[in-house]
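# Examining the three-dimensional arrangement
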Amino acid sequence: MEDFITMKEIKQAVDAIRARIDIEPEVGMILGTGLGDLADSVEDAVIIPNDQIPQWPLSTVQGHKGRLVIGRLENVRVLVLQGRTHFYEGYSMGRITLPVRVMKQLGCDKLVVTNAAGAINPDFVPGDLMLINDHLNIIGMSGANPLKGPNLEEFGPRFPDMSQPYDRELLKLAQEACNEAGMAFQEGVYASLAGPSFESPAELRFLQTVGADAVGMSTVPEVIVAKHSGMRVLGISGISNKANLDGSTITTHEEVLEAGKVLVPKLTTLIRGFLGKL
Ligand code: HPA
């Protein structure tokens, strides 16, 4: 497989999905580690396993089901990715973000991205929801940007603006949805690293110094491709663990999955409230 994604590959995936659905989705959603159960709330759902879609990057991680769920949530037409693919699984940046290109081609002009993240901000605790207001593209800074390679002019310009990766109006709607549900939330900057190893204490202190509130291994590549495609983005981190800034505790994938159980009902309330406001 080539590193870069072509229009032909995108079209193959789009055609395979279009042949199985009779609605045009308006909001794309990507559900992070342990958060996939939110897709169970989708009504009139058409479910497509990822291995039935040409060119699709297949997820290998526990906690990621690997299918598309297309239907309605709060009467909004949604296309939900139940389980995403990560850079650390061995795919190129272009390949892991192919689903976002496909969402856009199918009609989505908005993207809701979620992830499980470690808390760097000392005020955050596992089970908190953090609305993402900006990001640190640490992987991109070291050269692995999903837009590397020939520019797909059909989607956007060679040098896309990134002054507002997370749409302020959508963020406001999400804040309102939390407030109306009487649900506390955090807000902050998400730093994206490649993984799969968790961070060392010195790396975490570095991230804290440069302004990160939460850290994870996803989301930012998808957001960059969504913005390049002209989509508006809402980003939500489910805080699954406290980052280990002094090396006194360990972080495990099991802990991240366990936190998902507490986070899914909260995330469902937030996303339902948000969609109801669109
Ligand atoms: N670090 C990186 N990624 C993560 C973490 C973490 O602490 N928790 C969940 N995803």
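For the structure, see preceding data.
A word on the overall build of the chain. Within the chain, the regular secondary structure consists of eight helices and nine strands. Taken against the 2.2 N^0.38 rule, which gives 19 Å for 278 residues, the C-alpha radius of gyration of the chain at 17 Å falls within 12% of a compact globule. Taking all 278 residues of the chain together, the buried fraction comes to 55%. Taking contacts inside the chain between residues at least 6 apart in sequence as the whole, the part at least 24 apart equals 84%. Of the roughly 11,700 Å² of accessible surface on the chain, 50% is carried by carbon and sulfur atoms.

So, on to the site of the ligand. Residues in close proximity to the ligand include Ala116, Ala117, Gly118, Phe198, Glu199, Val215, Gly216, Met217, Ser240, Asn241 and Val256, which together make up its full environment. In the model, a nitrogen atom of the ligand is placed 2.9 Å from a nitrogen or oxygen of the Glu199 side chain. A distance of 2.7 Å separates a nitrogen atom of the ligand from a polar atom in the side chain of Asn241. When the ligand sits alone it has 260 Å² of accessible area, and the protein chains cover 94% of it. Contributions of two or more residues to the shell around the ligand are made by strand 5 (110-119), strand 8 (214-216) and strand 9 (232-242). With three residues, strand 5 is the largest single contributor of residues to the shell around the ligand. Here the residues of the shell around the ligand are counted per class, giving six nonpolar, four polar and one charged.

As a further point, take the pattern of salt bridges. Within this structure, the stated rule accounts for twelve salt bridges. For Arg77, the salt bridge is made with Glu26, and the minimal N-O distance between the two is 3.3 Å. Here Glu26 lies in the loop between helix 1 (7-18) and strand 1 (27-31) and Arg77 lies in strand 4 (residues 76-82), a separation of 51 residues in the sequence. What makes Arg77 partly exposed here is its relative accessible area of 27%. For Lys110, the salt bridge identified is with Asp109, shortest N-O distance 3.1 Å. Salt bridges linked by common partners bring Lys172, Glu176, Glu180 and Lys277 together as one network.

Right, let's get into the side chain of His228. You can see His228 is positioned in helix 7 (residues 220-228). A distance of 2.9 Å separates the side chain of His228 from the side chain of Asn151, its partner in a polar contact. Looking at His228, its side chain comes within polar contact range of the main-chain oxygen of Gly156, at 3.1 Å. What His228 contacts, discounting residues up to four positions off in sequence, is Arg101, Leu147, Asn151, Leu152, Phe155, Gly156, Pro157 and Pro160.

Now for the environment of Pro57. For Pro57, the position within the fold is in the loop between strand 2 (43-49) and strand 3 (67-73). Judged by relative accessible area, which is 0%, Pro57 ranks as buried. For Pro57 and Asp246, which are 189 residues apart along the polypeptide, the C-alpha to C-alpha distance reads 36 Å. With residues near it in sequence (within four places) discarded, Pro57 still touches Thr85, Tyr91, Arg95, Ile96, Leu98 and Pro99.

Here we come to the pairing of strand 4. Taking burial as the measure, the seven residues of strand 4 include six buried ones, the bulk of the element. As paired strands, strand 1 and strand 4 are joined by five bridges and run parallel to one another. Across the sheet, residue Gly28 finds its bridge partner in strand 4, namely Leu79. Pairing analysis gives seven bridges linking strand 3 to strand 4, with the strands arranged antiparallel. Paired with Leu68 across the strands is Leu81, a residue of strand 4. Once strand 3 ends, the chain turns through two residues before running back antiparallel as strand 4, passing Glu74 with a positive phi of about 50°.

What counts, and where the lines are drawn
Residues numbered from 1 in each chain as written. Predicted model: local features only at pLDDT ≥ 70, side-chain atom pairs only at ≥ 80, totals over all residues. Heavy atoms only, no water. Helix = DSSP H or I, 4+ residues; strand = E, 2+ residues; numbered from the N terminus. Rg over C-alpha atoms; globule rule 2.2 N^0.38 Å. Buried < 20%, exposed > 50% of the residue type's maximum accessible area, 1.4 Å probe, protein only. Contact = heavy atoms within 4.5 Å. Areas by Shrake-Rupley, 256 points an atom, 1.4 Å probe, with all protein chains shown as cover. Near = heavy atom within 4 Å. Polar contact = N/O pair within 3.5 Å; in protein donor to acceptor, adjacent residues only side chain to side chain. Nonpolar A, V, L, I, M, F, W, Y, C, P; charged D, E, K, R; others polar. Salt bridge = Lys/Arg side-chain N within 4 Å of Asp/Glu carboxyl O. Pairing = 2+ DSSP bridges.

Coordinates in, geometry out; function isn't part of it.
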